[in-house]
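# Coordinates in review
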Amino acid sequence: MTSFDSNASCDDMISDNGNSDRPFVIGVCGGTSSGKSTVCSKIMEKLNQDSFNNDRVLCISQESFYKPLTEEQRSEAMRGDYDFDHPDALDAQLMKELIEEIIDGKTVKLPIWNFITHSRKEDEFITVSPPDVLLVEGILVFWFPEIRELFQMKLFVDTDADTRLSRRVIRDVRDYHRELGAVLNHYTHYVKPAFEEFCQPTKKYADVIIPRGPENEVAIDLIVQTIKDYHESDRNSQFASRVARRRYLSGSFLSPSPSPDACIISTSPTYYG
C-alpha cells in the first residue's frame, strides 16, 4: 500500500507506478563482424535526427562484460588460445544487473575492456545515465534467458559468413595488431564453432532479422519508425495516466474534467493500494 500526504507534490505521486520512464530496450545479436555495432550506430543516428537528444539513446556492448582473466588465461589470450566467444567468458550476472539498473532509472558505471592487453581497465569506467532507448549488442545477448527477457525488441543481424570473416581479419590485424595466422587459427578453432553452437541457434528468438546487416537501410528505417511509434504511444499513455491519477487524487472522476495541468490534493491524507 502506498500513502500520500497533503504535502506531497504532484510529480511525486504521478510517478508512483515506477514504469513511466522505462526505456525501450532492444537486443541486437549476430555473428562476429556481422555489423551489429554499425546497425546500432545507424539506429542512433536516425533517432537523433528527429525528436531524440544524443544523450537519450544509449548502446552498450557485451564486450564490456568479459570476466577478468587469470595470468594463465591472459597468456592464452595473447596466443589466441582463449575462447572469448563462449558464454563462460562473460559475466552474465553483472550484465543483467547493470541493464536492470538502467531500466530502473539509475546511473551506472560500465566496465571497459582493453582488447590489446585482454584485461578490464582498472579504476576506469563509462558513466551512463538512463536513456529513452537502450540498445544492447553482442553475439551472445540472446543466449542467456535472464538477459533475453529484458528486451522488448530483438534484432538479429544476418550477414554472409565470408563477409564476416574478411571483416574480422581486417579488424584484428589493423586495430589489434595481431598476426594473420593467429587470427585465422582463432577464428577456425573458436569463433566459428561458437557461432554455430551459441549464436546461430538464438536467431529463432529474433523479432526482426536484418539480412545484409547495416547495408539494409529499408529494415533499419522500419525499425527506427517502430521505435518512434512506441515512444510516441508511450508518451501519450503516460500523459493519460497522469491525468487519470490527478482526477483520482482530487476525487473528480464524476465531476467535469479539470485542466490536465491541474493538481488538486485533499487536505487529508489519501491512501490507495
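One can find the structure itself at the top, above this paragraph.
Scoring rules and cut-offs
Residues numbered from 1 in each chain as written. Predicted model: local features only at pLDDT ≥ 70, side-chain atom pairs only at ≥ 80, totals over all residues. Heavy atoms only, no water. Helix = DSSP H or I, 4+ residues; strand = E, 2+ residues; numbered from the N terminus. Contact = heavy atoms within 4.5 Å. Areas by Shrake-Rupley, 256 points an atom, 1.4 Å probe, with all protein chains shown as cover. Pairing = 2+ DSSP bridges. Axes fitted to C-alpha atoms, helices over the stretch in contact; angles between N-to-C directions. Salt bridge = Lys/Arg side-chain N within 4 Å of Asp/Glu carboxyl O. Buried < 20%, exposed > 50% of the residue type's maximum accessible area, 1.4 Å probe, protein only. Polar contact = N/O pair within 3.5 Å; in protein donor to acceptor, adjacent residues only side chain to side chain.

### Thoughts on the overall build of the protein chain
What the protein chain contains, in helices and strands, is eight helices and nine strands. Excluding contacts between residues fewer than 6 apart, the proportion of contacts in the protein chain whose partners are at least 24 apart in sequence is 74%. Approximately 14600 Å² of the protein chain is accessible, and the part contributed by carbon and sulfur atoms is 49%.

### Observations concerning the sheet that holds strand S2 (residues 24-30)
Strand order in the open sheet formed by five strands is S3-S6-S2-S7-S8, with parallel pairing between adjacent strands. Among the strands making up the open sheet, the edge pair consists of strand S3 (57-61) and strand S8 (208-211). Strand-to-strand twist in this sheet, taken as the mean axis angle between neighbours without regard to direction, amounts to 20 degrees. Of the strand pairs in this sheet, S2 and strand S7 (residues 153-158) are connected by five bridges, and their pairing is parallel. Bridge pairing in S7 places valine 28 opposite leucine 155. Contacts from helix H4 (residues 92-103) reach S2, S3 and strand S6 (133-137), with the element oriented near 170 degrees to S6.

### Quick look at the pattern of salt bridges
Two side chains with opposite charge may pair up if their charged atoms get near one another. This model, assessed by the stated rule, comprises 14 salt bridges. Here aspartate 172 makes a salt bridge to arginine 168, at a shortest N to O gap of 3.1 Å. Note that aspartate 172 and arginine 168 are positioned in helix H6 (residues 161-175) at a spacing of four residues, about one turn of the helix. There is no split in this pair, since aspartate 172 and arginine 168 are both buried. Salt-bridge contacts for arginine 171 lead to aspartate 172; the nearest nitrogen and oxygen are separated by 3.0 Å. For aspartate 172, a relative accessible area of 3% translates into the label buried. Residues joined by salt bridges that share partners form a network here, namely Lys42, Lys46, Glu217 and Asp221.

### Things to note about the side chain of aspartate 172
Only 3.0 Å separates the side chain of aspartate 172 from the side chain of arginine 171, close enough to count as a polar contact. When near neighbours in sequence (up to four residues on either side) are disregarded, aspartate 172 contacts His177, Arg178 and Val183.

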